[in-house]
Amino acid sequence: MAWSLPLAVSAIMISGPKAQKIWMIAGLTVHVLVIAGMDLVQLLFQFLMDIPDKTEFLNDSPVGGRAAAGEVSAAGVTSTDSYWDMVQNRLNDFVGGRMEIPIMFFMGIGLFLVGAHLYHAGIFDERGRKLRLWIMLLAFGVGVPVDWACRLLVPDYTGAITRYITSTRVTFGILAAVAAFYARKTDTGILGTALSAVGKMALTCYILQNLVASIIFYDWGFGVANRIAGDNTVWWTMVIYLGIAGFLIGLSLVWLRFFKPSLVEWLWHGMFDGISAALDRRQQRIQSR
């Protein structure tokens with residue numbers, strides 16, 4: 001997924017504007033239909049569960065009976081008490097756990113192409129002022145209210161929509177806001193310097209974000225997920241994530257102050273350079289024969 005998506009987008013970008021637009025619309029349409037369909041299926045299943053004469057059928061179903069009893073989560077993990085048990089569960093359900101890949105592929109194609117078109121339309125330039133205003137209006141005036149309504153009012157039935165649709169729409173509003181902030185500035189400022197440090201350690205921060213959150217929320221760590229379960233789960237999650245984000249920003253600034261290469265990026269580039277050098281030596285040996 002990580003390498004195939006850029007290749008696919010690169011092939012599309014060298015085609016004509018009409019082909020790019022077709023791929024963009026197709027990718028976003030398939031993505032929205034799949035995600036909306038997932039939540040509709042879940043809603044339909046819940047509706048059937050509430051019908052008395054359907055209970056016997058659903059209990060006999062290998063999916064319905066277990067899901068009704070709450071024995072299996074969406075990820076197929078029954079408990080977070082043991083880290084290695086969770087690893088084992090993911091290995092046992094390796095194919096099912098990778099169902100996100102096709103979802104991310106179509107979403108990635110659509111969003112990559114939208115971003116490319118916004119770039120060419122001047123979203124980062126002075127001429128893109130009206131474009132930025134329209135994007136922020138749609139993202140913050142429409143996208144944010146819809147996103148929060150789904151998260152706070154019907155979170156049990158809109159998980160896929162908020163994760164893969166509304167949140168990505170809000171992201172473009174943040175992009176437009178950042179572009180508007182820096183459109184007339186000649187320096188990055190304190191905030192820009194802090195965030196640029198995270199950008200230089202993007203892969204490291206991405207991995208640490210997941211690791212730190214796992215330690216905080218799962219039962220094999222601090223088990224915070226169970227403690228904040230309830231009506232205020234969303235608010236507590238936001239507060240904790242802001243703490244994680246602050247930690248990553250601070251870590252990035254401190255690390256780059258003393259070390260130029262970042263953690264994972266240093267290993268990544270080191271392996272790439274090693275492989276490239278080995279291939280060059282092999283090629284030289286072939287040519288010298």
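Keep in mind the model is a prediction, meaning the values are calculated, not measured.

This part takes up the pattern of salt bridges. Under the counting rule described, the total for this entry stands at two salt bridges. Among the ionic pairs, Asp 125 bridges to Arg 127, the shortest N-O distance being 3.4 Å. When its relative accessible area of 59% is taken as the criterion, Arg 127 is described as exposed. Between Arg 151 and Asp 147 there is a salt bridge, and its shortest N-O distance comes to 2.7 Å. Here the residue Arg 151 and the residue Asp 147 both occupy positions in helix α8 (residues 129-153), the gap between them amounting to four residues, near one helical turn. A relative accessible area of 30% means that Arg 151 is categorised as partly exposed. Judged by its relative accessible area of 7%, Asp 147 is buried.

Residue-level pLDDT values for the protein average 80, and 83% of them are 70 or greater. Throughout residues 53-77 the model reports pLDDT below 50, and contacts reaching past four residues in sequence, or to other chains, amount to 19 contacts.

Moving on, we come to the nonpolar core. Ile 35, Leu 118, Ile 123, Ile 135, Tyr 164 and Phe 172 are the most contacted members of the largest nonpolar core, which has 20 residues in total. Listing elements by their share of this core, those giving two or more residues are α1 (4-13), α2 (17-49), α7 (100-120), α8 and α9 (159-182). With seven residues, α7 is the largest single contributor of residues to this core. In this structure Tyr 164 touches His 31, Ile 35, Glu 100, Ile 103, Met 104, Met 107 and Arg 169, once residues within four positions along its chain are discounted. Counting 13 residues, the second-largest nonpolar core is a separate cluster that includes Cys 205, Val 212, Ile 228 and Leu 248.

A few words on a positive patch on the surface. Where like charges cluster on the molecular surface, the positive patch consists of Arg 281, Arg 282, Arg 285 and Arg 289. Summarising the element assignment, Arg 282 is placed in helix α14 (residues 263-288). Classification of Arg 282 by relative accessible area gives partly exposed; the value is 48%.

Basis of the calculations
Residues numbered from 1 in each chain as written. Predicted model: local features only at pLDDT ≥ 70, side-chain atom pairs only at ≥ 80, totals over all residues. Heavy atoms only, no water. Salt bridge = Lys/Arg side-chain N within 4 Å of Asp/Glu carboxyl O. Buried < 20%, exposed > 50% of the residue type's maximum accessible area, 1.4 Å probe, protein only. Helix = DSSP H or I, 4+ residues; strand = E, 2+ residues; numbered from the N terminus. pLDDT = per-residue confidence, 0-100. Contact = heavy atoms within 4.5 Å. Core = buried A, V, L, I, M, F, W, Y, C linked by side-chain atoms within 4.5 Å. Patch = residues over 30% accessible without salt bridge, like charges linked within 9 Å, V, L, I, M, F, W, Y side chains within 5 Å. Areas by Shrake-Rupley, 256 points an atom, 1.4 Å probe, with all protein chains shown as cover. Lys, Arg positive; Asp, Glu negative; His and termini not counted. Charge placed at Lys NZ, Arg CZ, Asp CG, Glu CD.

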